[in-house]
Amino acid sequence: MRYYIADCHFYHKALLDHMDCRGFDSVESMNEYMIEQWNKKVRKNDEVVILGDLSWGNLAQTQQILNQLQGHLFMIRGNHDYFLDDKQFDRSQFGWIETYKELKDNKRKVVLCHYPIACYNGQYRKSEDGQAKTYMLHGHIHNTQDQPILDAYQDYVHRQWHDAIGGGKEHIPCQIINCFCMYSDYQPMTLDEWIEIDKKRRQSTKINDTI
């Protein structure tokens, strides 16, 4: 099984009461909860793609976290992953470390980057039954004002028409999913789980906007 998650920010004390307002009493309690949630979901032989900003801690602190996380880990570098620059860091702990990656996931393509990409490779591809064949998975923006802006952009794109590959006209696909850890209660999730989480989050946002 392959899972995805973004922006855990282990050891990032400022996120307890600023921006994310995670509400933990300390980074120690936050770290403990995130590790517990991770290991409830991930088994030893599962794969986890981390979409950036895993840890705000130094090398020793981050190593302590990595030693407790189950699964085979793969890393999309985020803007706050400073531990990767430490010459003492053992990069072999990750299957790979990239800033951008494209993978196959159950006959679909996933485009992986820490930052959301508006016009991503394979965006227009659909299956014979009209389902999207490519998803852009990212992190970085957390649940900030950028999220509704990105949602509005996707809604706009979905309303536009283009010449379909097989002929005729169709609405433009746009499947950009923020794998922000707080959206999944700090658990890595499969592609299908993230699709459902994103769908429910967007529906909930629209309902709240009408109240």
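Anything mentioned here points back to the structure above.
Note that this is a predicted model, so its numbers are computed, not measured.

Rules used in this analysis
Residues numbered from 1 in each chain as written. Predicted model: local features only at pLDDT ≥ 70, side-chain atom pairs only at ≥ 80, totals over all residues. Heavy atoms only, no water. Pairing = 2+ DSSP bridges. Helix = DSSP H or I, 4+ residues; strand = E, 2+ residues; numbered from the N terminus. Axes fitted to C-alpha atoms, helices over the stretch in contact; angles between N-to-C directions. Expected span 1.5 Å × (residues − 1). Buried < 20%, exposed > 50% of the residue type's maximum accessible area, 1.4 Å probe, protein only. Arc of directions from axis to C-beta. Phe/Tyr/Trp six-rings, centres within 6.5 Å; stacked < 30°, edge-to-face > 60°. Lys NZ or Arg CZ within 6 Å of the ring centre and 35° of its normal.

Chemist: Could you give an account of the sheet that holds strand 2 (residues 47-50), naming the residues involved and the relevant values?
Modeler: The strands making up a sheet associate through hydrogen bonds between their backbones, and the pairing can be parallel or antiparallel. Across the sheet, four strands lie side by side as 1-2-3-4; this open sheet has parallel pairing. Of all strands in the sheet, those with a lone pairing partner are strand 1 (2-5) and strand 4 (94-98), marking the two edges. Each strand of the sheet is rotated relative to its neighbour by a mean of 15 degrees, with strand direction disregarded. For strand 3 (residues 72-76) and strand 4, the ladder comprises three bridges, and the chain directions are parallel. Bridging across to strand 4, Leu-73 finds its partner in Phe-94.

Chemist: An account of helix 3 (residues 146-159) is needed here, citing residue identities and associated values.
Modeler: In this model, helix 3 (14 residues) spans 20 Å end to end at C-alpha, consistent with the 20 Å of a helix rising 1.5 Å per residue. Buried within helix 3 we find Gln-147, Leu-150, Asp-151, Gln-154 and Val-157. Here the buried residues of helix 3 occupy an arc of 125 degrees about the axis, which is enough to place them on one side. Structural note: helix 3 exposes Ile-149 and Arg-159 on the side pointing more than 90 degrees away from its buried face.

Chemist: Which residues make up the packing of aromatic side chains, and what are the values?
Modeler: In total, this model carries eight aromatic pairs according to the counting rule given. Between Tyr-33 and Tyr-186 the ring centres are 5.9 Å apart and the planes differ by 90 degrees, which places this aromatic pair in the edge-to-face class. Of this pair, Tyr-33 sits in helix 1 (residues 27-41) while Tyr-186 sits in the loop between strand 10 (176-178) and helix 4 (191-210), placing them 153 residues apart in sequence. Here Tyr-33 falls in the partly exposed class, since its relative accessible area comes to 26%. A relative accessible area of 6% places Tyr-186 in the buried class. Put simply, the rings of Phe-24, Tyr-33 and Tyr-186 touch in pairs and so form one group of aromatic residues. Taking the ring centre of Trp-96 as reference, the NZ or CZ of Lys-101 above it sits at 5.0 Å.

Chemist: Before we move on, could you go through the sheet that holds strand 7 (residues 134-138) and cite the residues and values that matter?
Modeler: A sheet is described by the order of its strands in space; here four strands give the open sequence 5-6-7-10, paired in mixed fashion. Where the open sheet ends on each side, the last strands, each with one partner, are strand 5 (100-105) and strand 10. Sheet twist, expressed as the average angle between the axes of neighbouring strands with direction ignored, equals 25 degrees. Direction of pairing for strand 6 (residues 108-113) relative to strand 7: parallel, over a ladder of four bridges. Within strand 7, the residue paired with Lys-109 across the bridge is Thr-134.

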